[in-house]
Amino acid sequence: MIQKKICMIGASGVGKTSLVAKFVHSMFSDKYLTTVGVKIDKKTISVDGTEMMLMIWDLAGDDDYQKLQTSYLRGTSGYLLVADGTRLVTLDQIIEIQERVAAAVGPVPFLLALNKADLTTQWEVTEARQADLAARGWKTLQTSAKEGASVEEAFVELGRALARPA
Amino acid sequence: MASSGSPATAVLEALGFALFLRDESGALTLHGAAPAWLAALWPGLTTTLPVTEASPFLENFLIDAEECWTKGGAARAQSGAWIEQTADGAEVSLEATALTIDGQPALLLEKLGDVFEAKKAMLQHARETVMAYQRLNAETQKKEILLSCIAEEMNSALANAITALRLIEMEKHSARAQQLLALAMRATEDQQALINKVLDVFASELADLYGRHGDAVAESSFDEVLAQAVESVAPALAEKRVQRRGPNKIKTRVAIGEEQLARVLVNLLENALQNSTPGGEILIRAVAEAETVLFEVLDRGAIMPPNAGTNFFSKDVIAMDETTAGQLRLQFCLIAVEKCQGEFGSEPGEEGGNRFWVRLPKVKSASRK
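Just so you know, these numbers come straight off a predicted model, no measurement behind them.

Scoring rules and cut-offs
- Residues numbered from 1 in each chain as written.
- Chains lettered and ligands numbered in written order.
- Predicted model: local features only at pLDDT ≥ 70, side-chain atom pairs only at ≥ 80, totals over all residues.
- Pairing = 2+ DSSP bridges.
- Helix = DSSP H or I, 4+ residues; strand = E, 2+ residues; numbered from the N terminus.
- Axes fitted to C-alpha atoms, helices over the stretch in contact; angles between N-to-C directions.
- Core = buried A, V, L, I, M, F, W, Y, C linked by C-beta atoms within 7 Å.
- Buried ≥ 20, exposed ≤ 12 C-beta atoms within 10 Å, placed from the backbone.
- Contact = placed C-beta atoms within 7 Å.
- Left-handed = near helix turned anticlockwise from the far one by under 90°.
- Nonpolar A, V, L, I, M, F, W, Y, C, P; charged D, E, K, R; others polar.

> When you look at the sheet that holds strand β10 (residues 281–288) of chain B in this model, what are you seeing that I'm missing?
Hydrogen bonds along the backbone pair up the strands of a sheet, which may run parallel or antiparallel. Residues and elements named next belong to chain B. Spatial strand order, β8-β10-β11-β13-β12: five strands in an open sheet with mixed pairing. Strands at the two margins of the open sheet, each flanked by one partner only, are β8 (243–245) and β12 (343–348). Neighbour-to-neighbour, the strand axes of the sheet open up by a mean angle of 15°, direction not taken into account.

> So what exactly am I meant to see when it comes to the nonpolar core here?
A general tendency of soluble globular proteins is for nonpolar side chains to be buried together. One finds A:Cys7, A:Met8, A:Ile9, A:Leu80, A:Leu81, A:Val82 and A:Ala113 to be the most contacted residues of the largest nonpolar core, which totals 68 residues. The greatest single-element share of this core, amounting to six residues, is contributed by helix α4 (residues 56–71) of chain B. Those residues in contact with A:Val82 that sit more than four places away from it in its chain are A:Met8, A:Ile9, A:Gly10, A:Val14, A:Gly15, A:Lys16, A:Leu19, A:Ala113 and A:Asn115. Counting 37 residues, the second-largest nonpolar core is a separate cluster that includes B:Leu226, B:Val293, B:Val337 and B:Leu360.

> For this particular structure, what's the right way to read the environment of B:Arg263?
All names here are of chain B. Inspection of the secondary structure puts Arg263 in helix α8 (residues 258–275). As for Arg263 and Ala336, which are separated by 73 residues in sequence, their C-alpha atoms are 9.0 Å apart. Those residues in contact with Arg263 that lie beyond four places of it in its chain are Lys197, Phe332 and Ala336.

> Quick question: what am I supposed to make of the packing of helix α7 (residues 222–239) of chain B against α8(B) here?
All names here are of chain B. The interhelical angle for the contact between α7 and α8, taken along N-to-C directions, is 35°, at an axis separation of 9 Å. Where α7 crosses over α8, the two elements pack in a sense that is right-handed. Facing Val225, Leu226, Gln228, Ala229, Val230, Ser232, Val233, Ala236 and Leu237 of α7, the residues of α8 in contact are Glu258, Leu261, Ala262, Leu265, Val266, Leu269, Glu270 and Leu273.

> It is not clear to me how the pairing of strand β1 (residues 2–10) of chain A should be interpreted in this structure. Could you clarify?
Moving residue by residue along a regular strand, the side chains alternate between the two faces of the sheet. All names here are of chain A. Of all nine residues that make up β1, seven are buried, and the element is covered over most of its length. Bridge count for β1 against strand β3 (residues 50–59) is seven bridges, and the pairing is parallel. Bridge assignment links Ile2 to a residue of β3, and that residue is Met52. In terms of strand pairing, β1 meets strand β4 (residues 78–84) through five bridges, oriented parallel. The residue of β4 that forms the bridge with Cys7 is Tyr79.

> Would you mind showing me how to read the interface of chain B and chain A here?
Where the parts come together, the accessible area they lose is often given as the size of the interface. Contacts between chain B and chain A engage 19 residues on the former and 19 residues on the latter. When residues of the side of chain B that touches chain A are traced back to their parent elements, those giving at least two are α4, β4 (82–85) and α5 (114–169) of chain B. A breakdown of the residues in the side of chain B that touches chain A according to their chemical character gives 10 nonpolar, five polar and four charged. Across two bridges, strand β2 (residues 38–47) of chain A lies against β4(B) in parallel orientation. Following the sheet pairing, A:Val38 is matched in β4(B) by B:Trp82.

As structure tokens, this is what we get:
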């Protein structure tokens, strides 16, 4: 079976751990519990009929208190960027973080999950902003770890990108 | 080197550390007894740590460890915290350290305890605070925009009212009706001017929000703008029979846009006029200081609370309906003056009444137009 390492990357509190919990264990909790360090989970997905084992590295949120350690990115085949759609600032942060990640791992596939899509009344990311991301060549999905919307799709889509020949 | 059964090994065991020594074949062999947490995590582990199967995290860290062991001596590499899960789902936080002991590569695994949990709790609290701040900030901005929309709506309604009044004015009316009409017109125009000022503040705030700092290099001729401001309030002073003393002339340029300066000066003069009783007096004074200009207006009215205008948005002040318009004028002064790095204040006058003042930075000669 093909095995691929992917990393969950984003500012703190955007829902990286919640997305992994929903995808791997079908669980969700409203309570915010900060991740300190790294947690690795595995899940097998089917990409166009081929089984792929995703080794998901859930990295601590990048902020003033903890910076992303690029040594954790070593050997990653791709990464899932996560921003909180109800906090526009996290989108600005992820753009800056992605530059650092790309410098460390090179041009590997990635996808942006705009998380917390269930909080529609608090949503701050405009369509214009998403169009701007698309113009940069970023594939974006609106996800909800709470309701499960597009969570599976985000990981499978990334897996599909990993399966494509470079 | 710590040998099995030595005091050093006993210390490591007591602290719950697991020490692995790397032999020439590259195998990591457990030195001393296995701590309980190690057995819970990797039950099959006897003496050798099968890194690849045991932990992808450790496998990745061994690359950094190899680098450290190659350097030898006092070189050290730390993995940072990571989480492993026992068979029954319990999470264990660990940290690995690579070091060299008597020339032999060693890997120390530590189960993170109370200190780590305390650090984690602090990080949790700090991050929650940051998120709460971000939410509050976003909420405040939304409210500001909402207020701006309300002010726009009011402005539009007032414009209609003014047009209607002007049309009525063209018709024939009794002297009393003409008088009332003029009063209504004036009140409406005053309200509109006030709303326009509020909208200007919002526009300025939004410009800051979006990083447009076009006013950063603004400047104006203080004496010219002051003369215009005094002229504009002269009819209102005359109407209320308030005497004016000053201002004295000082010829200098100040680092604030002309329009902003005019509003600040007019607002202070109108404020003094509002505080004055009919037949009273106001004193206008300007003092050229080394790097600033001090402008002050003294009235003989009832003494206002110290630093009026600086707490406009507090609940207590909002509740005072009859002075809200005046407070808004002062709030504008505060915002405009602070924007140009100036100061604004008020206190009771030495001979009664109030003294409102602003201190504005002079334009530095290098940037003089």
